Amino acid sequence: MNWGIIDRYAKSLIKEAGHKIRVSFFSHIDIDSKAHANDLVTNIDRDIERFFVKRIGRDFPDHKILGEEGYGSELESLKGIVWILDPIDGTMNFVHQKRNFAISLGIYADGIGMLGYIYDVMRDDFYHAAKGEGAYFNDERLPTLETTPLREAIIGINASWVAPNRYVEHEPIIELVKSCRGTRSYGSAAIELAYVSSGKIDAYLSMRLSPWDIAGGMIIAQEVGALTTTMKGEKPRLLGQETFIVARPGLHKEIMEKYICLK
Ligand code: 2AM
Ligand code: CA
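From a predicted model like this one, the values you see are computed outputs, not experimental measurements.

Undergrad: Teacher, can you tell me more about the packing of aromatic side chains here?
TA: Each aromatic ring pair is described using two quantities: the centre-to-centre distance and the angle formed by the ring planes. In the structure shown here, the tally under the stated rule is 12 aromatic pairs. The interplanar angle of 85 degrees and the centroid separation of 6.3 Å between the aromatic rings of Tyr-9 and Trp-83 together place this pair among those described as edge-to-face. Placement of the pair is Tyr-9 in helix α1 (residues 3-24) and Trp-83 in strand β4 (residues 81-89), with a sequence separation of 74 residues. On the basis of an interplanar angle of 85 degrees and a centroid distance of 5.1 Å, the ring pair of Phe-94 and Phe-101 is categorised as edge-to-face. Taken as a pair, Phe-94 and Phe-101 share a single burial class, namely buried. The positively charged end of Lys-15 is found above the aromatic ring belonging to Phe-126, 5.3 Å away from the centroid. Over the ring of Phe-137 we find Lys-200, and its NZ or CZ is 4.3 Å from the ring centre.

Spelled out as C-alpha cells, the structure:
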C-alpha cells in the first residue's frame with residue numbers, strides 16, 4: 001500500500017470539499033433534524049459525504065467508507081482499509097455561526113489508524129498526521145505534548161456533563177471544572193481534538209461521541225503523545241457511540257482517577 005499517494009489524494013479531496021462548503025453559503029441550505037430537534041443535518045452534510053463516497057469509490061474501489069450520513073458501507077468490523085468520515089463535524093455551528101466546524105477523516109487499515117485529518121474549513125487550518133511520521137498544523141510540525149497539572153489546564157467540556165445526566169456522576173465533574181484553570185466548549189469534537197493536539201487546550205471529554213467525530217483526531221493526537229481512551233480507560237472501538245477523553249499524558253491519569261465516575 002502506498003500511503004504517500006493516499007495521503008496526497010485525501011488532502012486534495014478534503015480541500016476540494018472545503019471549497020464546496022464555503023461556496024454553499026451562497027445557496028439555500030435546507031436544515032433537518034435527525035434523532036431529536038437539536039440534532040441537525042443539512043443538504044450540505046449529505047452532499048459533501050456523497051462527494052467523498054463517489055470519488056473514493058471510483059479511485060479506491062476496494063476501500064470502505066464509514067460516514068455519519070450513511071452513504072458509505074454498513075460495517076461490522078474495521079477489516080481492510082476504512083475511511084471514517086464526518087463531512088461536517090459541528091453542524092450546529094455550521095448552521096448558526098457559519099464557522100467553527102470541520103471536515104474530519106481518519107483512514108484505518110485493519111483497525112489501525114494510518115492517516116488523520118481535521119480541516120477547520122473557515123479558518124483554512126489543516127491538522128494532519130501519518131502514523132509514525134508526526135503531526136502537523138498546516139506546514140508546522142507539532143511538538144510532543146508534555147504534561148500539565150490540572151490547576152494550569154484548560155479543559156474542553158460541554159456544560160451538559162456538569163449538569164445531572166445519565167452517563168456520569170456530575171458532582172465530581174463540578175469539582176473538575178472548579179479545579180482547572182478554565183473551560184472551553186467549541187461544539188466540534190474534531191476541532192477540540194485538534195486543539196488538544198496543538199496545545200491550545202489540554203484535555204477534552206465527552207460522554208457520547210461517534211466514530212466519525214474522533215477517527216481523524218485520534219491519529220493526530222497519538223502522534224503528539226496525547227492519550228485517547230473511553231472513560232473506562234479502554235481504546236475506543238470506533239464502531240458505535242462511546243464515552244471519550246483525550247488529554248496530555250499525566251493529565252489524562254489525573255482526570256480519570258479523581259473526577260470520572262461512570263453511572
Ligand atoms: P456533529 O456536529 O457531527 O453532529 C458537539 O458537542 C460535538 O458532538 C460535535 O462533534 C457533534 O458532531 C457531536 N455530536 C452531537 N450530537 C451527537 C450525537 N447524538 N452522537 C454523537 N455525537 C454527537
Ligand atoms: Ca457531522
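Undergrad: Please clarify how the nonpolar core should be interpreted in this entry.
TA: With 36 residues, the main nonpolar core has Ile-84, Ile-118, Tyr-204, Leu-238, Phe-244 and Val-246 as its most contacted residues. Two domains each provide a minimum of three residues to this core, namely domain 1 (3-141) and domain 2 (150-259). Ignoring anything within four residues of it in the chain, the contact list for Phe-244 reads Leu-193, Tyr-204, Leu-205, Ser-206, Leu-209, Ile-214, Met-218, Thr-228, Thr-229, Thr-230, Met-231 and Pro-236.

Undergrad: It is not clear to me how the environment of Asp-32 should be interpreted in this structure. Could you clarify?
TA: Secondary-structure assignment places Asp-32 in strand β1 (residues 31-33). What makes Asp-32 partly exposed here is its relative accessible area of 38%. Taking C-alpha positions, Asp-32 is 5.9 Å from Thr-42, a pair spaced 10 residues apart along the chain. When residues no more than four places from it in sequence are discounted, the contact partners of Asp-32 are Asp-39, Leu-40, Val-41 and Arg-46. Side chain to side chain, Asp-32 and Arg-46 meet in a polar contact 3.2 Å long.

Undergrad: What's the story with the site of ligand 1 in this structure? I'm lost.
TA: In the neighbourhood of ligand 1, 14 residues make up the surrounding shell, with Asp-86, Asp-89, Gly-90, Ala-189 and Gln-241 lying closest. Taking Thr-91, its main chain carries an N or O atom lying 2.9 Å from an oxygen atom of ligand 1. With respect to ligand 1, the backbone of Ala-189 contributes an N or O atom lying 2.8 Å from an oxygen atom. With the chains in place, 80% of the 490 Å² that ligand 1 exposes on its own is no longer accessible.

Undergrad: Where do I start with the pairing of strand β14 (residues 242-247) in this structure?
TA: Look at any regular strand and the pattern is simple: side chains alternate between the two faces of the sheet. Among the six residues in β14, six count as buried, and that is most of the element. Residues of β14 alternate between two faces, with Glu-242, Phe-244 and Val-246 on one and Thr-243, Ile-245 and Ala-247 on the opposite face, all of them buried. Sheet topology places strand β12 (residues 203-209) next to β14; five bridges connect them, and they run antiparallel. Each bridged residue has a counterpart across the sheet, and for Tyr-204 the counterpart in β14 is Val-246. Direction of pairing for strand β13 (residues 227-229) relative to β14: antiparallel, over a ladder of three bridges. Among the inter-strand pairings, Thr-228 is bridged to a residue of β14, identified as Val-246.

Undergrad: Help me understand the environment of Thr-183, please; the structure alone is not making it clear to me.
TA: Tracing the chain through its elements places Thr-183 in strand β11 (residues 182-184). A sequence separation of 12 residues divides Thr-183 from Glu-171, and the C-alpha atoms of the two residues are 16 Å apart. Apart from the residues within four sequence positions on either side, Thr-183 is in contact with Ile-154, Ile-155, Ile-157 and Val-177.

The rules behind these values
- Residues numbered from 1 in each chain as written.
- Chains lettered and ligands numbered in written order.
- Predicted model: local features only at pLDDT ≥ 70, side-chain atom pairs only at ≥ 80, totals over all residues.
- Heavy atoms only, no water.
- Phe/Tyr/Trp six-rings, centres within 6.5 Å; stacked < 30°, edge-to-face > 60°.
- Helix = DSSP H or I, 4+ residues; strand = E, 2+ residues; numbered from the N terminus.
- Buried < 20%, exposed > 50% of the residue type's maximum accessible area, 1.4 Å probe, protein only.
- Lys NZ or Arg CZ within 6 Å of the ring centre and 35° of its normal.
- Core = buried A, V, L, I, M, F, W, Y, C linked by side-chain atoms within 4.5 Å.
- Domains from an automatic or database assignment.
- Contact = heavy atoms within 4.5 Å.
- Polar contact = N/O pair within 3.5 Å; in protein donor to acceptor, adjacent residues only side chain to side chain.
- Near = heavy atom within 4 Å.
- Areas by Shrake-Rupley, 256 points an atom, 1.4 Å probe, with all protein chains shown as cover.
- Pairing = 2+ DSSP bridges.

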